[in-house]
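Residues per chain are reported as follows:
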Amino acid sequence: MPYETGAMVRLTRDVQVTPDGAAARGGLPGPLFLAEGLEGLVTNVAKEAGGGSTAVQAGLAEFDRIVGNSRFTGFTAHMVDDLRQRMVQQVGYGSGAAGAGGGTRVAYRVRFVNGFVLDGLEEDSLTRA
């Protein structure tokens with residue numbers, strides 16, 4: 001069930017946070033978690049190319065394998081995450097997967113009651129509050 005901007009939501013599970021304040025999706029997770037049950041307000045909804053083909057997934061898996069065990073400063077971690085997102089978009093759009101709807105996903109930015117803002121939350125991490 002998609003959530004619109006302004007919807008009150010609650011985390012359905014603990015979510016690990018990356019150094020740049022995004023939800024961990026196999027990138028470079030940090031030591032911070034937001035706890036299950038934490039409530040917040042959806043402030044943005046974005047469709048992202050997720051790379052529906054196995055070639056895209058294999059390329060991203062290789063990228064994650066190469067950089068996944070590395071420790072980066074906040075700025076470098078942001079650059080690596082940006083590079084990964086560009087790879088997803090470039091390859092996803094180039095293969096037609098994103099245009100056909102296969103491989104696109106909805107990501108949410110949520111401002112939680114404790115003031116923390118988390119970007120990139122997937123729908124399965126949220127429920128209505």
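All values reported here derive from a predicted model rather than from experimental measurement.

A count of helices and strands for the chain gives two helices and seven strands. Listed N to C, the secondary structure of the chain is β-β-β-β-α-α-β-β-β in terms of helices and strands. The buried share of the chain, reckoned over its 129 residues, is 32%. Surface summary for the chain: the accessible area is close to 7300 Å², and the carbon and sulfur share equals 55%.

Right, let's talk about the packing of aromatic side chains for a bit. Within the structure shown, the criterion is met by one aromatic pair. A centroid spacing of 5.6 Å and a plane angle of 65° characterise the contact between Tyr3 and Tyr108, whose relative ring orientation is edge-to-face. In this pair, Tyr3 sits in the segment before strand S1 (8-11) while Tyr108 sits in strand S5 (residues 104-112), placing the two residues 105 residues apart along the sequence.

Rules of the game
Residues numbered from 1 in each chain as written. Predicted model: local features only at pLDDT ≥ 70, side-chain atom pairs only at ≥ 80, totals over all residues. Heavy atoms only, no water. Helix = DSSP H or I, 4+ residues; strand = E, 2+ residues; numbered from the N terminus. Buried < 20%, exposed > 50% of the residue type's maximum accessible area, 1.4 Å probe, protein only. Areas by Shrake-Rupley, 256 points an atom, 1.4 Å probe, with all protein chains shown as cover. Phe/Tyr/Trp six-rings, centres within 6.5 Å; stacked < 30°, edge-to-face > 60°.

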